[in-house]
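Per-entry structural report
Residues per chain are reported as follows:
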Amino acid sequence: MAQEDLFKKLVAHCKEYGFVFQSSEIYDGLSAVYDYGQYGVELKNNIKKYWWDSLVLLHENVVGLDSAIFMHPTIWKASGHVDAFNDPLIDNKDSKKRYRADVLIEEQMDKYEAKISKEVEKARDRFGEAFDEAQFRSTNPRVLANQEKLDALHRRFVKALNDSDLVELRQIIVDEEIACPVSGSRNWTEVRQFNLMFSTEMGATSESASKIYLRPETAQGIFVNYLNVQKSGRMKIPFGIAQIGKAFRNEIVARQFIFRMREFEQMEMQFFVPPGTELEWFEYWKEARMKWHRALEFGDDNYRFHDHDKLAHYANAASDIEFRFPFGFKEVEGIHSRTDFDLGSHQEYSGKKMQYFDPDTNKNYVPYVVETSIGVDRMFLQIISAAYTEELLTKEDGSTDTRVVLKLPPALAPVKLAVFPLTKKDGLPEKARTIVDDLKFDFNCQYEEKDSIGKRYRRQDAIGTPYCITIDHQTLQDDTVTIRYRDTMEQERVKVGVLKQTIKDKVDITNLLKQL
Ligand code: GAP
């Protein structure tokens with residue numbers, strides 16, 4: 001299936017099965033804002049728990065925080081967001097559509113890469129087993145020509161970004177003959193900077209009101225509380241503070257469903273370390289975070305690091321963890337070595353000391369910070385894209401049928417167990433209810449009695465329920481049920497008495513945490 005079709009199906013599936021809805025849909029929607037439905041919210045909560053427990057539960061020196069969305073406006077001046085949290089924008093004069101100039105150029109680089117991959121795949125098909133990819137890439141004239149164009153463009157792009165050279169960014173778009181996807185024309189405006197923060201007013205009257213911002217990252221709430229936590233928790237450096245919360249950005253290129261939203265949720269951890277040790281900790285957290293992703297077993301090949309060409313104003317090293325989405329490899333998480341920029345800057349703007357007294361060396365210093373920052377919604381999209389599977393089944397009469405199944409890790413699945421009475425009579429519903437009433441304290445169970453068993457299985461497959469049990473007449477005689485496994489569709493008969501422990505063992509989040 002073409003990746004674009006797959007993505008459209010995913011979006012439709014999320015709506016049909018109660019995972020994600022467009023915000024304000026009955027008013028034709030609000031762009032780049034989404035609501036999570038009955039199964040979406042469960043999956044989202046499970047993702048957050050996996051993240052939280054992996055940091056706060058498993059590390060003695062990482063603690064949690066829940067800071068407010070509204071903060072003193074000077075915080076955003078100190079953090080650099082008022083002056084530098086900008087995107088370079090360009091408008092097409094014919095379609096009147098607005099684009100991020102850097103995204104247009106990145107897409108152009110993707111095109112060169114796609115041309116190279118196409119040549120490689122064609123050659124692989126032609127030469128079969130004997131194909132030597134490295135040799136082909138280093139000798140094929142078409143590959144070499146495209147690689148040269150790609151490298152030259154990349155060098156020029158990085159330089160323009162590092163120099164914040166908006167004129168050069170526009171010139172690259174012109175020289176590469178990049179056209180507007182809507183009008184097809186190359187009639188571009190100048191490139192301008194656009195600040196991404198939302199603002200509102202706090203105060204009762206217009207005279208007394210002051211402008212405040214909706215936070216564009218949760219990290220600043222951690223920075224300004226770091227000494228409160230350190231002192232009240234008697235924390236010793238190195239230590240971390242983890243937080244999950246909403247963030248807001250007035251994204252211009254808000255596309256690809258929940259990949260880029262205007263209101264989204266972040267899971268961020270700031271790890272405070274002695275100056276000079278930050279790059280070691282940066283490597284440590286890069287590996288730890290990659291392990292966290294890979295433990296979900298969606299395939300190691302689907303992840304890669306992408307080291308930043310252009311460092312943000314606060315960083316001395318930065319790397320993204322990228323996942324292979326249906327629309328290509330894209331960032332899911334950022335790991336940033338943020339130096340002492342934020343704490344140093346808050347010290348300067350607030351006039352309050354942000355130093356830590358190190359009892360081992362008897363010295364005061366402003367700690368350095370390594371940050372891990374991941375979007376809950378983007379992680380959600382990653383999981384749904386990786387889990388969505390269409391399987392062609394051949395029925396007994398030889399006809400075929402497609403089974404849509406979300407192969408979610410059991411620990412993250414919204415519903416862990418569905419319980420079906422075979423029929424609506426003979427005491428089977430009552431028996432099924434007793435089982436649900438017993439198990440519902442331990443994990444999320446769902447009772448279903450409508451439609452054939454086959455249809456009920458399909459509905460549960462579509463929401464990723466890993467286990468279904470059926471209560472039949474034999475159950476009333478020997479207290480056994482059939483358990484059906486989502487991925488293999490195999491069934492076995494088990495005693496009702498062992499159900500709780502068997503399923504609990506399989507769906508426990510500890511299974512994931514133990515791999516870290
Ligand atoms: N505190 C650092 C920071 O915010 P970032 O790279 O701008 O860094 C971190 O964002 C993560 O937040 C991203 O890797 C992504 O997962 C998520 N994220 C950022 N902007 C987003 C948006 N508009 N919609 C959804 N997720 C977003």
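The shown structure was predicted, so the numbers you read here are calculated from the model rather than taken from an experiment.

A separate point is the site of the ligand. Near the ligand there are 21 residues, and of these Glu217, Met261, Glu268, Glu331 and Val332 occur at the shortest range. Take Arg249: an N or O atom from its side chain is 2.8 Å from an oxygen atom of the ligand. Here an oxygen atom of the ligand sits 2.7 Å away from a polar atom, N or O, in the main chain of Val332. Listed by contribution, the elements that provide at least two residues to the shell around the ligand are β10 (263-273), β13 (328-337) and β16 (368-375). Split into classes, the residues belonging to the shell around the ligand amount to six nonpolar, five polar and ten charged.

Running from N to C, helix α13 (residues 428-439) and helix α16 (residues 496-507) point in directions that differ by 35°, and their axes come no closer than 11 Å. Viewed along their axes, α13 and α16 form a crossing whose handedness is right-handed. Contacts between α13 and α16 involve Ile435, Asp438 and Leu439 from the first element and Val496, Leu499 and Lys500 from the second. Residue composition of the contact of α13 with α16, by class: four nonpolar, no polar and two charged.

Here we take up the packing of aromatic side chains. All chains considered together, the criterion is met by 23 aromatic pairs. Plain terms: the ring middles of Phe271 and Trp285 are 5.2 Å apart, the flat faces sit at 65° to each other, and that makes the pair edge-to-face. In this pair, Phe271 sits in strand β10 while Trp285 sits in helix α10 (residues 278-294), placing the two residues 14 residues apart along the sequence. Summarising the burial analysis for this pair, Phe271 and Trp285 share the class buried. Sitting above the plane of the Trp292 ring, Arg289 keeps its charged end 4.2 Å from the centroid. Residue placement shows Arg433 over the ring face of Tyr447; its charged tip is 3.7 Å from the ring centre.

The next subject is the side chain of Glu251. As for its position among the elements, Glu251 is in the loop between β9 (239-248) and β10. Here Glu251 occupies a buried position and makes no salt bridge, while the nearest side chain of opposite charge, Arg100, is found at 4.2 Å. Setting aside residues up to four positions removed in sequence, Glu251 forms contacts with Asp87, Arg100, Leu196, Arg260, Met261 and Arg262.

The next thing to look at is the layout of surface pockets. Within this model, the second largest pocket holds a volume of roughly 320 Å³. For the second largest pocket, the lining is made up of 20 residues, of which Glu297, Leu408, Pro409, Pro410 and Arg486 are closest to its centre. A per-class count over the lining of the second largest pocket returns eleven nonpolar, three polar and six charged. The two domains that each donate at least three residues to the lining of the second largest pocket are domain 1 (37-70 + 214-391) and domain 3 (408-513).

This next bit is on the domain arrangement of the protein chain. According to the domain assignment, the protein chain contains domain 1 (37-70 + 214-391), domain 2 (86-195) and domain 3 (408-513). Inter-centroid distance (C-alpha atoms) of domain 1 to domain 2 is 29 Å. At the junction of the two partners, domain 1 supplies ten residues and domain 2 supplies 13 residues. Buried surface at the junction of domain 1 and domain 2, summed over both partners, amounts to about 860 Å²; 55% is from carbon and sulfur atoms. Area buried by domain 1 at its contact with domain 2 is led by Ile252, Asp309 and Lys310, which between them contribute 58% of it. For the pair domain 1 and domain 2, the interface holds one salt bridge. Across the pair Asp110 and Lys330 runs a salt bridge whose closest N-O atoms are separated by 3.9 Å.

Looking now at unusual backbone geometry. Put simply, Ile237 and Pro238 share a cis peptide bond, and its omega is 10°. Along the polypeptide, Pro238 turns up in the loop between α9 (219-232) and β9. Positive phi, normally seen in glycine, also occurs at Glu177, with a value near 55°. By the secondary structure assignment, Glu177 is in the loop between α8 (166-175) and β6 (192-195). By relative accessible area, which is 52% here, Glu177 ends up exposed.

Looking now at the pattern of salt bridges. Enumeration over the complete set of coordinates arrives at 44 salt bridges. The closest approach of N and O atoms between Glu391 and Arg403, which form a salt bridge, is 3.0 Å. Of the two residues, Glu391 is situated in strand β17 (residues 388-394) and Arg403 in strand β18 (residues 400-406); the sequence distance between them amounts to twelve residues. Each member of the pair, Glu391 as well as Arg403, is classed as buried. One continuous salt-bridge network, built from bridges that share partners, spans Glu391, Arg403, Lys407, Asp461 and Arg484.

Once that is clear, we can look at the nonpolar core. By size, the foremost hydrophobic cluster in this structure holds 62 residues, and its most contacted members are Phe19, Val20, Tyr50, Trp51, Ile258, Phe380 and Ile383. Here the element with the most residues in this core is helix α12 (residues 376-387); it accounts for seven residues. When residues are assigned to domains, this core turns out to be shared by domain 1 (37-70 + 214-391) and domain 3 (408-513), each giving three or more. Core analysis: the second largest hydrophobic core is formed by 25 residues, Leu161, Leu169, Trp188 and Val191 among them.

Examined against the element boundaries, Gln220 turns out to sit in helix α9. When its relative accessible area of 0% is taken as the criterion, Gln220 is described as buried. Here the alpha-carbon distance between Gln220 and Gly64, two residues 156 residues apart in the chain, equals 14 Å. Residues contacting Gln220, with those up to four places away along its chain left out, are Met71, Ile75, Trp76, Ser79, His81, Arg338, Asp342 and His346. Side-chain polar atoms of Gln220 contact the side chain of Glu217, separated by 2.8 Å.

This part is about the side chain of Glu119. Residue placement: Glu119 occurs in helix α5 (residues 101-127). When its relative accessible area of 13% is taken as the criterion, Glu119 is described as buried.

Criteria and cut-off values
Residues numbered from 1 in each chain as written. Predicted model: local features only at pLDDT ≥ 70, side-chain atom pairs only at ≥ 80, totals over all residues. Heavy atoms only, no water. Near = heavy atom within 4 Å. Polar contact = N/O pair within 3.5 Å; in protein donor to acceptor, adjacent residues only side chain to side chain. Helix = DSSP H or I, 4+ residues; strand = E, 2+ residues; numbered from the N terminus. Nonpolar A, V, L, I, M, F, W, Y, C, P; charged D, E, K, R; others polar. Axes fitted to C-alpha atoms, helices over the stretch in contact; angles between N-to-C directions. Left-handed = near helix turned anticlockwise from the far one by under 90°. Contact = heavy atoms within 4.5 Å. Phe/Tyr/Trp six-rings, centres within 6.5 Å; stacked < 30°, edge-to-face > 60°. Buried < 20%, exposed > 50% of the residue type's maximum accessible area, 1.4 Å probe, protein only. Lys NZ or Arg CZ within 6 Å of the ring centre and 35° of its normal. Lys, Arg positive; Asp, Glu negative; His and termini not counted. Salt bridge = Lys/Arg side-chain N within 4 Å of Asp/Glu carboxyl O. 1 Å grid on protein atoms, 1.4 Å probe; cavity = no way out; pocket = protein on both sides within 12 Å on 5 of 7 lines; lining within 4 Å. Points joined across faces, edges and corners; volume = space filled by probe spheres on them. Domains from an automatic or database assignment. Buried area = accessible area lost by both parts, 1.4 Å probe. Core = buried A, V, L, I, M, F, W, Y, C linked by side-chain atoms within 4.5 Å.

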